[in-house]
Amino acid sequence: DAGVIQSPRHEVTEMGQEVTLRCKPISGHNSLFWYRQTMMRGLELLIYFNNNVPIDDSGMPEDRFSAKMPNASFSTLKIQPSEPRDSAVYFCASSFGRTTAIYGYTFGSGTRLTVV
Amino acid sequence: DQQVKQNSPSLSVQEGRISILNCDYTNSMFDYFLWYKKYPAEGPTFLISISSIKDKNEDGRFTVFLNKSAKHLSLHIVPSQPGDSAVYFCAALGTGTASKLTFGTGTRLQVTL
């Protein structure tokens, strides 16, 4: 298994531009999570999906952020318009519900976003 | 409101000695606790977990201790090795069917020669 695949690995964009981050979870996993890593807040949950349905989006910072999961093998996190304070590393993770969550999610390698 | 807290942003330990990383939580509804390890430019990887009905879980050089009354857990690494240098995140899983993990801010461990 190739693990959780995120693209791009690095993204540099200008303030005001739209940014789309992509994630392919592990095949068979039914839960998908988007996290953001910052120095101040550590790993912060933005949104998670169960069976492609958004369950908890309370961590999405504001309306500029949106996430979709059109099918079990693909999810996107979009920021429009982007701002410098969005600069962070964004991680996607997947699990098979609570069963594998107890033994740890599988994380992707992350997308380092820089907004200038 | 940080429900899982790691108050030490960094820790430096000599090779061969014990590393102790600490974590505090505020929510009594957490029933599993996990530790993740993260190297630069990589995603976090699962290290060890403990159920809230236990007070200790051991896996090789890694031991996690849980003190429910104090809402505190710690990760002990004995002996510490240079390859253990990484950022360690504490995480907690709520009760019920939810699979959402709440993470702390991380502690950067540096193991020196």
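Predicted model only: the values in this text are computed from it and were never measured.

1. Details of the side chain of S94 of chain A
Residues and elements named next belong to chain A. Following the sequence through the fold, S94 ends up in strand β9 (residues 88-95). Note on S94: relative accessible area 0%, which makes it buried. Once residues lying within four places of it in the same chain are set aside, the contact partners of S94 are V4, P25, I26, H29, S31, L32, F33, Y105 and T106.

2. Considering the interface of chain B and chain A
Each partner contributes to the interface: chain B provides 25 residues, whereas chain A provides 23 residues. With both chains or domains summed, chain B and chain A bury close to 1,900 Å², and 56% of this area falls on carbon and sulfur atoms. When the buried surface of chain B facing chain A is broken down by residue, S99, K100 and F103 of chain B rank first, second and third, together holding 28% of it. The interface formed by chain B and chain A contains one salt bridge. As a salt-bridge pair, D56 of chain A and K100 of chain B come within 2.8 Å of each other at their nearest N and O atoms. Elements represented by at least two residues in the side of chain B that touches chain A include exactly β4 (30-38), β5 (45-51), β9 (86-94) and β10 (101-103) of chain B. When the residues that make up the side of chain B that touches chain A are grouped by side-chain class, the tally is 11 nonpolar, 10 polar and four charged.

3. Structural notes on the sheet that holds strand β7 (residues 62-67) of chain B
Residues and elements named next belong to chain B. What the five strands build is an open sheet, ordered β1-β3-β8-β7-β6; its pairing is antiparallel. Two strands in the sheet have a free side with no partner beyond their single neighbour: β1 (4-5) and β6 (56-59). With six bridges connecting them, β7 and strand β8 (residues 72-77) associate as antiparallel partners. Of the residues in β8, the one forming a bridge with N67 is H72.

4. Quick notes on the packing of aromatic side chains
Applying the stated criterion across every chain, the model contains 16 aromatic pairs over all chains. Taking the centre distance of 6.3 Å and the plane angle of 45° together, the rings of Y35 of chain A and Y105 of chain A count as tilted. Taken together, the residues Y35 of chain A in strand β4 (residues 31-38) and Y105 of chain A in the loop between α1 (97-101) and β10 (106-107) connect sequence positions 70 residues apart. This pair shows no difference in class: Y35 of chain A is buried, exactly as Y105 of chain A is. Here the aromatic rings of Y105 of chain A and F107 of chain A are separated by 6.1 Å at their centres, their planes lie at 45°, and the arrangement is tilted. A relative accessible area of 3% places Y105 of chain A in the buried class. A residue is classified by how much of its surface remains accessible, and F107 of chain A, at 9% relative accessible area, is buried. An aromatic cluster is defined as three or more aromatic residues linked by ring pairs; in this entry it consists of F33, Y35, Y48, F91, Y105 and F107 of chain A together with Y36, F46, F89 and F103 of chain B.

5. Notes on the state of the cysteines
Residue and element names in this part refer to chain B. Tallied over the full model, the rule gives two disulfides over all chains. Here C23 pairs with C90 through a disulfide, and the sulfurs are 2.0 Å apart. The chirality of the disulfide connecting C23 with C90 is left-handed, given an S-S dihedral of about -75°. Taken together, the residues span a long stretch of sequence, with C23 in strand β3 (residues 19-25) and C90 in strand β9 at a distance of 67 residues. Neither C23 nor C90 differs from the other in exposure class; each is buried.

6. Topic: the sheet that holds strand β8 (residues 74-79) of chain A
All names here are of chain A. Taken together, the four strands give an open sheet; going across it, the order is β1-β3-β8-β7, and neighbouring strands pair in antiparallel fashion. Since the sheet does not close on itself, it has two edges, and those belong to β1 (5-7) and β7 (65-71), each with one partner. The mean inter-strand angle of the sheet, taken between neighbouring strand axes irrespective of direction, is 15°. Two strands pair when backbone bridges link them, and β7 and β8 are joined in this way by five bridges, in the antiparallel orientation. Counted as the bridge partner of F65 is I79 from β8.

Procedures and definitions
- Residues numbered from 1 in each chain as written.
- Chains lettered and ligands numbered in written order.
- Predicted model: local features only at pLDDT ≥ 70, side-chain atom pairs only at ≥ 80, totals over all residues.
- Heavy atoms only, no water.
- Helix = DSSP H or I, 4+ residues; strand = E, 2+ residues; numbered from the N terminus.
- Buried < 20%, exposed > 50% of the residue type's maximum accessible area, 1.4 Å probe, protein only.
- Contact = heavy atoms within 4.5 Å.
- Buried area = accessible area lost by both parts, 1.4 Å probe.
- Salt bridge = Lys/Arg side-chain N within 4 Å of Asp/Glu carboxyl O.
- Nonpolar A, V, L, I, M, F, W, Y, C, P; charged D, E, K, R; others polar.
- Pairing = 2+ DSSP bridges.
- Phe/Tyr/Trp six-rings, centres within 6.5 Å; stacked < 30°, edge-to-face > 60°.
- Disulfide = S-S within 2.5 Å.
- Axes fitted to C-alpha atoms, helices over the stretch in contact; angles between N-to-C directions.

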